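# Observations on chain architecture
Here's the letter readout for the chains.
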Amino acid sequence: MTGLVSASPSQHNDAQCELSIVIAVLDEQDNLPQVCRELAEAMQQLPAAEVVFVDDGSQDQTVEVLQRLRDECLPSLRILSHDRRCGKSAALRTGITAARGTWIATIDGDGQDDPRELGSLVSLAQAQASKGRAPLVVGVRTRRKDGWSRRFATRFANGLRQKLLNDQCPDTGAPIKIFQRADFLRLPQFEGLHRFLPALFGSYGVPLVCHPVTHRPRLHGQSKYTNFNRAVVGVRDLLGVMWLRNRTHLPKSIREC
């Protein structure tokens, strides 16, 4: 599979879109039917929205399954496909760059996130924005449904990040997030970016709102990351984010003279 696969422009160009739900996937063909059915149900309670799936070089039938589900239950679905695996952060940037909504919602495509949580989080984000600066809303997973080793690794990583970055977020890697597209596109791009959004958004003056959400066991398959991989890459990325924040200098206000 090579090149870029997307929905026909006639299917969505004329649609008014306030919210774009962006989902990066890699070899998730077995999980997608339930995820898409739940998205179709959840979208009935959301503002005008589109769904943008980004396939990050899958070797299974992920794209074909998405095309079928677009016809069956999710006509607003758009499909973008990388010709090779680039990583989750790159896939999210592809989707967010292509998105038409002012607001972006991200969730995972493995079925562990419940799309029905999006309605309350979007309302929370819009209410905060109506009072001032549009926020980053993070859906904090209060009861993780992962194995004990992964829960331990995540707890350790979150604690270390909070201590060194002081980002005030207990679950920085949480998949469910709501934010404005323009705010995200100001951030520097690097693989691992998605795990540090609270700290990076905070550097640009975006307030943080945390809200508890449910977390479910993965439907099928296994995580694409091992605990060792997360630990090694995470420490390197953490040092990089510390450097980025230290080198980010922004004015409090700008006026044209």
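Residues numbered from 1 in each chain as written. Predicted model: local features only at pLDDT ≥ 70, side-chain atom pairs only at ≥ 80, totals over all residues. Heavy atoms only, no water.

With that settled, consider the overall build of the chain. The helix and strand tally for the chain stands at eight helices and seven strands. Put simply, of all contacts in the chain between residues at least 6 apart along the chain, 82% involve residues at least 24 apart. Carbon and sulfur atoms provide 51% of the accessible area of the chain, an area that totals close to 12,900 Å². (Helix = DSSP H or I, 4+ residues; strand = E, 2+ residues; numbered from the N terminus. Contact = heavy atoms within 4.5 Å. Areas by Shrake-Rupley, 256 points an atom, 1.4 Å probe, with all protein chains shown as cover.)

Of all seven residues that make up strand 1 (residues 19-25), seven are buried, and the element is covered over most of its length. Burial of the side chains of strand 1 extends over both faces: Leu19, Ile21, Ile23 and Val25 are buried on one face and Ser20, Val22 and Ala24 on the other. In terms of strand pairing, strand 1 meets strand 2 (residues 49-55) through seven bridges, oriented parallel. When the sheet's bridge partners are listed, Ile21 is paired in strand 2 with Val51. In this view, the connection linking strand 1 to its parallel neighbour strand 2 by way of helix 1 (residues 32-42) has right-handed handedness. Pairing between strand 1 and strand 4 (residues 103-106): four bridges, direction parallel. Across the sheet, Ile21 pairs through a bridge with Ala105, a residue of strand 4. (Buried < 20%, exposed > 50% of the residue type's maximum accessible area, 1.4 Å probe, protein only. Pairing = 2+ DSSP bridges. Right-handed = clockwise from strand over helix to strand, strands pointing away.)

Backbone geometry places Asp27, a non-glycine residue, at a positive phi of 55°. Given a relative accessible area of 31%, Asp27 falls into the partly exposed group. Although it is not a glycine, Gln168 sits at a positive phi angle of roughly 65°. With respect to the secondary-structure elements, Gln168 resides in the loop between helix 5 (148-165) and strand 6 (177-180). According to the relative accessible area criterion, Gln168 is exposed, its value standing at 55%.

A cluster of nonpolar side chains, contributed by Leu164, Val235, Leu239 and Met242, occupies part of the molecular surface with about 330 Å² of accessible area. It is helix 8 (residues 227-246) that provides the largest number of residues to the nonpolar patch, a total of three residues. Structurally, Leu239 can be placed in helix 8. A relative accessible area of 55% means that Leu239 is categorised as exposed. (Patch = residues over 30% accessible without salt bridge, like charges linked within 9 Å, V, L, I, M, F, W, Y side chains within 5 Å. Salt bridge = Lys/Arg side-chain N within 4 Å of Asp/Glu carboxyl O.)

On to the sheet that holds strand 6, then. Pairing between the strands of a sheet is mediated by backbone hydrogen bonds and can be parallel or antiparallel. With mixed pairing, the seven strands of this open sheet are ordered in space as 3-2-1-4-6-5-7. The sheet is open, and its two borders are formed by strand 3 (77-81) and strand 7 (208-213), each paired with just one other strand. Neighbour-to-neighbour, the strand axes of the sheet open up by a mean angle of 20°, direction not taken into account. Summarising the sheet, strand 5 (residues 136-141) and strand 7 pair through six bridges and their orientation is parallel. Counted as the bridge partner of Val138 is Cys210 from strand 7. This element, helix 3 (residues 88-98), spans strand 1, strand 2, strand 3, strand 4 and strand 6 of the sheet and lies at about 150° to strand 1. Sitting on the sheet, helix 4 (residues 118-131) is in contact with strand 1, strand 4, strand 5, strand 6 and strand 7, with an inclination near 160° to strand 7. (Axes fitted to C-alpha atoms, helices over the stretch in contact; angles between N-to-C directions.)

Helix 2 (residues 62-72) packs onto helix 1 with a crossing angle of 35° between their chain directions and a minimal axis gap of 10 Å. Considering the relative orientation of helix 1 and helix 2, their crossing is right-handed. Facing Leu32, Pro33 and Cys36 of helix 1, the residues of helix 2 in contact are Thr62, Val65, Leu66, Arg68 and Leu69. Grouping the amino acids of the contact of helix 1 with helix 2 by side-chain chemistry returns six nonpolar, one polar and one charged. (Left-handed = near helix turned anticlockwise from the far one by under 90°. Nonpolar A, V, L, I, M, F, W, Y, C, P; charged D, E, K, R; others polar.)

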